[in-house]
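Residue-level structural notes
The lines below spell out each chain.
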Amino acid sequence: QVQLVESGGGLVQAGGSLRLSCAASGRTFSNYVMAWFRQAPGKEREFVARTTWSGGSTYYADSVKGRFAISRDNAKNTVYLQMNSLKPEDTAVYYCAAGGRFSTTPADFGSWGQGTQVTVSS
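The present account deals with the structure reproduced in this document. (Residues numbered from 1 in each chain as written. Predicted model: local features only at pLDDT ≥ 70, side-chain atom pairs only at ≥ 80, totals over all residues. Heavy atoms only, no water.)

**What to know about the nonpolar core**
Counting 34 residues, the largest nonpolar core has Trp36, Leu81 and Tyr94 as the members making the most contacts within it. Among the elements of the structure, strand E1 (2-7), strand E3 (18-26), strand E4 (33-39), strand E5 (46-52), strand E7 (68-73), strand E8 (78-83), strand E9 (92-99) and strand E11 (116-121) are those that each provide at least two residues to this core. Beyond its immediate sequence surroundings of up to four residues, leucine 81 is in contact with Leu18, Arg19, Leu20, Trp36, Val48, Ala49, Phe68, Ala69, Ile70 and Tyr94. (Core = buried A, V, L, I, M, F, W, Y, C linked by side-chain atoms within 4.5 Å. Buried < 20%, exposed > 50% of the residue type's maximum accessible area, 1.4 Å probe, protein only. Helix = DSSP H or I, 4+ residues; strand = E, 2+ residues; numbered from the N terminus. Contact = heavy atoms within 4.5 Å.)

See below:
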């Protein structure tokens, strides 16, 4: 089972940038799907972006397309989320997830990090 630890969250002004990291340890597989989700208070968990350890496929939610970029460093077992042009509505706890399906549904991901808070001030 893979263990995931997020880092890089914090407080930023609208229009600013942050880069989140997700470090994976334990048993990892090259065909795992890696994804970022976010959840704001009182709202359901929302898909943000996904990729694979191999193959180079990426997919983004419409709300972040053109502003966020997901990438990976296989040698470090780390996935990143570069967040640019941040808006107050991006404020949420961001979670890293791993699973066996190229999906946008939280139930399809079996491993989750503890989350990192991102707060965007206006």
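**Points about the pattern of salt bridges**
Scanning the model with the defined rule gives four salt bridges in all. We note a salt bridge from arginine 38 to aspartate 90, for which the minimum N-O separation is 2.9 Å. Of this pair, arginine 38 sits in strand E4 while aspartate 90 sits in the loop between E8 and E9, and the two are 52 residues apart along the sequence. Just as arginine 38 is buried, aspartate 90 falls in that class too. A salt bridge links lysine 65 to aspartate 62; the nearest nitrogen and oxygen atoms lie 3.5 Å apart. (Salt bridge = Lys/Arg side-chain N within 4 Å of Asp/Glu carboxyl O.)

**Structural notes on the state of the cysteines**
If you walk through the whole model with that rule in mind, you get one disulfide. Across the disulfide from cysteine 22 sits cysteine 96; the S-S distance is 2.0 Å. Disulfide cysteine 22-cysteine 96: the torsion about the S-S bond is -80°, which places it as left-handed. Taken together, the positions of cysteine 22 in strand E3 and cysteine 96 in strand E9 put the pair 74 residues apart, joining distant regions of the chain. As far as burial versus exposure is concerned, cysteine 22 and cysteine 96 are alike and both buried. (Disulfide = S-S within 2.5 Å.)

**What about the packing of aromatic side chains?**
Enumeration according to the criterion identifies six aromatic pairs in this entry. Among the aromatic side chains, those forming a connected cluster through ring pairs are Phe37, Phe47, Tyr59, Tyr95, Phe109 and Trp112. If you follow arginine 19 out to its NZ or CZ, it ends over the ring of tyrosine 80, 4.3 Å from the centre. Lying across the ring of tyrosine 95, arginine 45 places its NZ or CZ 4.0 Å from the centre. (Phe/Tyr/Trp six-rings, centres within 6.5 Å; stacked < 30°, edge-to-face > 60°. Lys NZ or Arg CZ within 6 Å of the ring centre and 35° of its normal.)

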